[in-house]
Amino acid sequence: MLFMPVSVTRIAGRYLAHQEGLPKLPVPPLQQTCERYLTALTPIVDPEELNHTRQLLEEFQKPGGVGDRLQKGLEQRAKKMENWLSDWWLQTAYLDYRMPVVIHSSPGVVLPRTEFSDRQGQMRYAAKLIAGVLDFKSMIDNETLPVEYLGGKSLCMNQYYQVLSSCRIPGTKRDNVVNYALDKRPPTHITVVHNFQFFVLDVYNSDGTPLTVDQIYIQLEKIWNSSLQSNKEPIGILTSNHRNSWGKAYNNLIKDKTNKESVRAIQKSIFTVCLDAPMPRASDDMYRTRAGVQMLHGGGSRWNSGNRWFDKTLQFIIGEDGTCGLIYEHAPAEGPPIVSLIDHVVEYMKSSEMVRTPMVPLRMPQKLRFNITPEIKKDIEEAKQNMNIMVHDLDMKVSVFSHFGKDFPKSQKMSPDAFIQVALQLAYYRIYKHCCPTYESASLRMFRLGRTDTIRSTSIDSAKFVKAMDDPARHKVALLDKAVKAHRAYTDMAIRGQAIDRHLLGLKLQAIEDLAALPEIFMDTSYAVAMHFNLSTSQVPAKTDCVMCFGPVVPDGYGVCYNPMDAHINFAVSAFNSCQDTNATRLAQALEDALLDMKTLLEQTPKAKL
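Keep in mind it's a predicted model, so treat the numbers as computed, not measured.

Considering the overall build of the protein chain
So, step 1. Along the protein chain, the regular secondary structure elements total 19 helices and 19 strands.
So, step 2. Along the three orthogonal principal directions, the C-alpha set of the protein chain runs to about 75 × 55 × 50 Å.
So, step 3. Counting all 610 residues of the protein chain, 60% fall into the buried class.
So, step 4. Excluding contacts between residues fewer than 6 apart, the proportion of contacts in the protein chain whose partners are at least 24 apart in sequence is 76%.
So, step 5. As displayed, the protein chain has an accessible area near 24800 Å², and 53% of this comes from carbon and sulfur atoms.
So, step 6. Where the 71 positive side-chain charges of the protein chain centre and where its 66 negative ones centre are 3 Å apart.

Here it is, written out as structure tokens:
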């Protein structure tokens, strides 16, 4: 989930030659990170704690001291590796993380509401979508995917090569990710799941050409007609469990040869299509929120949560009632490559009409069989129960802010992302009367194999502004302007590899790798506070009028994702019902009020005063 500050342009080019020209991720200077860390702590920890941390940092930075040694270790690592961070990040952020991927890790995307409301419409839409993804895949395979540029600098395109034909594999202590696109004979099938039953659908003819939309439609119809009952065990729900439990159940499941082959077919498939049963009807203003939870978790074991394989990198979800979107497993990629794929597919579907193709008889799609032992049935029951608890605990609000979009901040010569982030700071402050650690992801794709770093949106300047905003005596426009500029400056710093969070993580992991004692700065209260992100946020801009959603990263926090369009902004806010202090609808409302109040403030003040 990533922030792209200026518009990304695309230029066609060969992938590998381009990758080699990208700079390597730098290791920032130690003193710079220590200073910036103290600055970032100032608005979120009390003065006493801050003083204690200042002393620890002085000790840490001494020439020849602990920090110095770890910094040299990191610099050595950076010389040897293509990217000093990417392996570590994949492991610590994703593969070592043991919470379920559902809600806690995998983002969902809600696509614009579609017009169909029956199985024919559902299958026509699915057939076009599959053809659109295969069209995008051909650009990846031929290395004709246009290289993206950001502020004149070309971006790493590696993530595009990781999202198709890949899958996460559970382990009892840590997971891994496999990518079958690199095999001598790459996969030529997708998986389709309907009524909890999985099918292998070959999407290429023997001469290597993709099936037409019409052919795909005929094959989907065969799948539908051979999976009319939903009385089968929802084997896919196992993938939603706690990773250690699923790792154990997985080892047990694949002892059986049939099961192993079926699981392998799902893992190897290019992507998965979930043909969902209709959900209970919702009022128009609740529609987006209901669609958001359907993408994130499927609605629970009674509905569509068993109609998934959550370890699969890409799953497109097409409901019989016209609710469409996708969910992706986060380990291989961030939001922007996924959104590029969506934008491509949505455009493709506008132009793609059903063409009658000469009737070459196509093989019946193969149904995947599973032998369910009593033990596996028990694992399924446990996963169902855990899923239903998660479903009840998720508090979600997807809304459209319709008063303005990117257009207004731009008219004020302000960065739209910074404007929205400052509004979020104001909304949070108004509810809780204090500032909190805030995470916004920033793209490191200017560097080879770059993933993300953190933009810490709570700044000294944002804290000054939010505290002054509701005080009638204060002159607030200058404070707002400073807060927006401070966010913009942190963003520029982050995308150039000069932020603090990944560097601090690197120093910590270097200490662990050296089998050294963990430095005191990492056992400090300030560090624990700084890493407890009550607001976990991401801007995921798209041409398509869609919105991405994800769960909070702490029990008493919020997840906030947004797509700023020209004249409106799509927001998804999540929280947990088990926390008495958080409420997604309340934060979404406070955010709307904050945006409007900031606009009013700017419009009431003559420009000359700035």
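That shown, we press on.
Here we look at the sheet that holds strand β18 (residues 558-564)
So, step 1. Taking strand neighbours across the sheet as the criterion, the six strands line up as β13-β19-β18-β16-β14-β15 in an open arrangement whose pairing is mixed. Each of the sheet's edge strands pairs with one partner strand only, and the pair in question is β13 (394-401) and β15 (452-456). Sheet twist, expressed as the average angle between the axes of neighbouring strands with direction ignored, equals 20°.
So, step 2. Bridge count between strand β16 (residues 535-539) and β18: five bridges; the pairing is parallel. Along β18, the bridge assignment pairs leucine 535 with tyrosine 558.

A closer look at the pattern of salt bridges
So, step 1. Under the criterion given, the structure shown has 29 salt bridges.
So, step 2. Here glutamate 148 ties to arginine 445 by a salt bridge, and the two come within 2.8 Å at their closest N and O atoms. Remark: arginine 445 occurs in the loop between β14 (438-443) and β15 and glutamate 148 occurs in strand β3 (residues 147-150); sequence separation between them is 297 residues. The residues glutamate 148 and arginine 445 share a single accessibility class, namely buried.
So, step 3. With its nearest N and O atoms 2.8 Å apart, the salt bridge here joins glutamate 334 to arginine 451.

Considerations on the UniProt feature "binding site: CoA" (unreviewed entry) in the protein chain
So, step 1. Within the UniProt annotation, "binding site: CoA" (unreviewed entry) is assigned to Lys406, Lys410, Ser411, Gln412, Lys413, Met414, Ser415, Pro416, Asp417, Ser443, Arg488 and Gln539. The greatest C-alpha distance among the annotated residues, which extend across 134 residues, is 25.4 Å, indicating that they are dispersed rather than converging on a single site.
So, step 2. Within the secondary structure, lysine 406 is located in the loop between β13 and α13 (407-411).
So, step 3. Setting aside its immediate chain neighbours within four residues, lysine 406 contacts Pro416, Pro564, Met565 and Asp566.

As for the packing of helix α14 (residues 416-432) against helix α15 (residues 460-468)
So, step 1. The contact between α14 and α15 brings their axes to 9 Å, and the two run at 55°. When the interaxial angle is binned, α14 and α15 end up oblique. In this structure, α14 meets α15 at a crossing whose hand is right-handed. Note on element contacts: α15 touches α14 through Ser462, Phe465, Val466 and Lys467, opposite Val422, Gln425, Leu426 and Tyr429.
So, step 2. Across the contact of α14 with α15, the residue classes tally to five nonpolar, two polar and one charged.

Describing the packing of aromatic side chains
So, step 1. Counting across every chain of the model gives 17 aromatic pairs.
So, step 2. With 5.5 Å between their ring centres and 50° between their planes, phenylalanine 116 and tyrosine 125 make a pair best called tilted.
So, step 3. Taken together, a centroid distance of 6.1 Å and an interplanar angle of 70° make the contact between phenylalanine 404 and phenylalanine 419 edge-to-face. Highlighted residues: phenylalanine 404 in the loop between β13 and α13 and phenylalanine 419 in helix α14, separated in sequence by 15 residues.
So, step 4. A relative accessible area of 3% places phenylalanine 404 in the buried class.
So, step 5. Cluster of aromatic residues (ring-pair linked, three or more members): Phe198, Trp246, Tyr250 and Trp309.
So, step 6. Over the aromatic face of tryptophan 88 sits the side chain of arginine 77, whose NZ or CZ is 3.6 Å from the ring centroid.
So, step 7. Stacked on the ring of tryptophan 89, the Lys or Arg arginine 502 has its end atom at 3.8 Å from the ring centre.

Comments concerning the side chain of glutamate 334
So, step 1. With respect to the helices and strands, the residue glutamate 334 is situated in the loop between β11 (324-328) and α11 (335-351).
So, step 2. A distance of 2.8 Å separates polar atoms of two side chains, one belonging to glutamate 334 and the other to arginine 451.

A look at the sheet that holds strand β9 (residues 272-276)
In sheet architecture, strand pairing relies on hydrogen bonds along the backbone and comes in two forms, parallel and antiparallel.
So, step 1. The sheet built from eight strands is open, its strands ordered β12-β8-β7-β9-β10-β11-β2-β17 with mixed pairing. Edge positions in the open sheet fall to β12 (366-367) and β17 (547-549), since each of these has one partner strand only.
So, step 2. Each of β7 (189-194), β9, β10 (314-319) and β11 is contacted by helix α6 (residues 119-141), which is oriented at about 155° to β10, the strand it contacts most.
So, step 3. In this fold helix α7 (residues 213-225) packs onto β7 and β8 (197-202), with an angle of close to 160° to the strand it touches most, β8.

Some words on the pairing of β7
So, step 1. In terms of burial, β7 is a largely internal element, six of the six residues being buried.
So, step 2. Side-chain alternation along β7 places His189, Thr191 and Val193 on one buried face and Ile190, Val192 and His194 on a second face that is also buried.
So, step 3. Where β7 lies against β8, six bridges are found, and the strand directions are antiparallel. Bridging across to β8, threonine 191 finds its partner in valine 200.
So, step 4. Counting the residues between successive antiparallel strands, the hairpin from β7 to β8 contains two residues, one of them, asparagine 195, with a positive phi of roughly 50°.

Considering the nonpolar core
What tends to happen in soluble globular proteins is that the nonpolar side chains get buried as a cluster.
So, step 1. Core analysis: the biggest nonpolar cluster contains 58 residues, and Ile130, Ile190, Leu220, Phe271 and Leu314 have the highest contact counts within it.
So, step 2. Listing elements by their share of this core, those giving two or more residues are α6, β7, β8, α7, β9, β10, β11 and α11.
So, step 3. The greatest single-element share of this core, amounting to 12 residues, is contributed by α6.
So, step 4. What isoleucine 190 contacts, discounting residues up to four positions off in sequence, is Ile130, Phe199, Val200, Leu201, Val203, Ser269, Ile270, Phe271 and Val273.
So, step 5. Among the nonpolar cores identified, the runner-up in size contains 49 residues, and Leu38, Ala78, Leu150 and Leu155 belong to it.

Let's talk about the state of the cysteines
So, step 1. Following the criterion strictly, the structure yields zero disulfides and no others.
So, step 2. Here cysteine 436 is not cross-linked by a disulfide; its sulfur's nearest cysteine counterpart is in cysteine 435, at 7.7 Å.

What counts, and at which threshold
Residues numbered from 1 in each chain as written. Predicted model: local features only at pLDDT ≥ 70, side-chain atom pairs only at ≥ 80, totals over all residues. Heavy atoms only, no water. Helix = DSSP H or I, 4+ residues; strand = E, 2+ residues; numbered from the N terminus. Buried < 20%, exposed > 50% of the residue type's maximum accessible area, 1.4 Å probe, protein only. Contact = heavy atoms within 4.5 Å. Areas by Shrake-Rupley, 256 points an atom, 1.4 Å probe, with all protein chains shown as cover. Lys, Arg positive; Asp, Glu negative; His and termini not counted. Charge placed at Lys NZ, Arg CZ, Asp CG, Glu CD. Pairing = 2+ DSSP bridges. Axes fitted to C-alpha atoms, helices over the stretch in contact; angles between N-to-C directions. Salt bridge = Lys/Arg side-chain N within 4 Å of Asp/Glu carboxyl O. UniProt positions renumbered as here; feature names shortened; annotations may be inferred. Parallel < 35°, antiparallel > 145°, perpendicular 65-115°, else oblique. Left-handed = near helix turned anticlockwise from the far one by under 90°. Nonpolar A, V, L, I, M, F, W, Y, C, P; charged D, E, K, R; others polar. Phe/Tyr/Trp six-rings, centres within 6.5 Å; stacked < 30°, edge-to-face > 60°. Lys NZ or Arg CZ within 6 Å of the ring centre and 35° of its normal. Polar contact = N/O pair within 3.5 Å; in protein donor to acceptor, adjacent residues only side chain to side chain. Core = buried A, V, L, I, M, F, W, Y, C linked by side-chain atoms within 4.5 Å. Disulfide = S-S within 2.5 Å.

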